[in-house]
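Observations on chain architecture
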Amino acid sequence: MFHKEGTPSILLGTTFTAVVLLLSDYFIETKWIEMTIQIATLVFLLIILQFFRNPKRTVILNENQILAPVDGKVVVIEEVYEGEYFKDKRLQISIFMSPINVHVTRYGLSGIVKFSKYHPGKFLVAWHPKASEENERTTVVVENSTFGAVLYRQIAGALARRIVNYAQEGMQVVQGTDAGFIKFGSRVDLFLPVGTPINVALNQKAVGGKTVIATKA
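A short tour of the structure in this document, coming up. If you're wondering where the values come from, they're calculated on a predicted model, not measured in any experiment.

Parameters and conventions
Residues numbered from 1 in each chain as written. Predicted model: local features only at pLDDT ≥ 70, side-chain atom pairs only at ≥ 80, totals over all residues. Heavy atoms only, no water. Helix = DSSP H or I, 4+ residues; strand = E, 2+ residues; numbered from the N terminus. Buried < 20%, exposed > 50% of the residue type's maximum accessible area, 1.4 Å probe, protein only. Contact = heavy atoms within 4.5 Å. Areas by Shrake-Rupley, 256 points an atom, 1.4 Å probe, with all protein chains shown as cover. Expected span 1.5 Å × (residues − 1). Arc of directions from axis to C-beta. Core = buried A, V, L, I, M, F, W, Y, C linked by side-chain atoms within 4.5 Å. Pairing = 2+ DSSP bridges.

Some details on the overall build of the protein
Across its full length, the protein carries three helices and 13 strands. Counting all 217 residues of the protein, 47% fall into the buried class. If you take every contact in the protein between residues at least 6 apart in sequence, the share linking residues at least 24 apart comes to 72%. Split by element, the accessible area of the protein, about 11,000 Å² in all, is 62% carbon and sulfur.

Written as structure tokens, this is what we have:
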């Protein structure tokens, strides 16, 4: 299963592969050169397909849990000052996605979207400390009765050139459902109330819609 945001790239990659395979068979006489070109083209198509994959995941809804919004590695767990929306201290959990990770963004909790904003910006490497404030990004705040307001931020990486965000203010969203997509290496930051019990550790691998980031009794 592939994400709908990958449709243009997949169609283009498939067409390009078909054309190269056909033309190389007719116009390249040296067999090893022909085979090399064909294999390289097929590998290119496989890379596109794996990047836009969208595995189906059954999410067990739980209002007392915040689930990982993306696949990747937990690279930050610390208290920071969040200056865009809360303007106070929050507990930040950051998940870094490599190009081989699934890049679908999922809602970590159910609730009402209170804030959603796109910011154009730079394309620093996603793990750079200033990426959260200077890179192309979106900021979304979802609020529910258990955790209050929780902010997540999609951040473009050095290779990313497009962030897709489906959240609109006033929307009722459901935990684990599709919230958007980020192309190529990138990261997502979560900002939780200080004191929220955390269920993950640094360098732990997270699975979007499955790994429990935080709980509240």
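Looking at helix 1 (residues 7-27)
Relative to the 30 Å expected for 21 residues at 1.5 Å per residue, helix 1 spans 30 Å between its end C-alpha atoms, a close match to the ideal helical length. The set of residues buried in helix 1 consists of Ile10, Gly13, Thr17, Val20 and Ser24. Down the axis of helix 1, the buried side of the element spans an arc of 95°, and every buried residue falls inside it. Exposed and facing more than 90 degrees away from the buried side of helix 1 are Pro8, Leu11, Leu12, Leu22, Tyr26 and Phe27. Buried residues along helix 1 sit against helix 2 (31-51).

Points about the nonpolar core
Counting residues in hydrophobic clusters, the biggest one holds 29 residues, and the most contacted among them are Ile66, Val142, Tyr152, Leu190, Leu192 and Ile213. Broken down by secondary-structure element, the contributors of at least two residues to this core are strand 3 (88-97), strand 6 (137-144), strand 7 (148-156), strand 10 (178-182), strand 11 (186-192) and strand 13 (212-215). Element by element, the count of residues in this core is highest for strand 3, at four residues. Discounting residues that sit within four places of it in the chain, Val142 has contacts with Tyr107, Leu109, Ser110, Gly111, Ile112, Val113, Gly148, Ala149, Val150, Tyr152 and Val173. In this structure, Ile48, Val102, Val104 and Phe181 belong to the second largest nonpolar core, which totals eight residues.

Focus on the pairing of strand 5 (residues 111-119)
With two bridges joining them, strand 5 and strand 9 (residues 172-173) adopt antiparallel strand pairing. Residue Ile112 lies in a different strand from strand 9, and its bridge partner there is Gln172. Both strand 5 and strand 6 contribute to a ladder of seven bridges, which runs antiparallel. The partner of His119 across the bridge, within strand 6, is Arg137.

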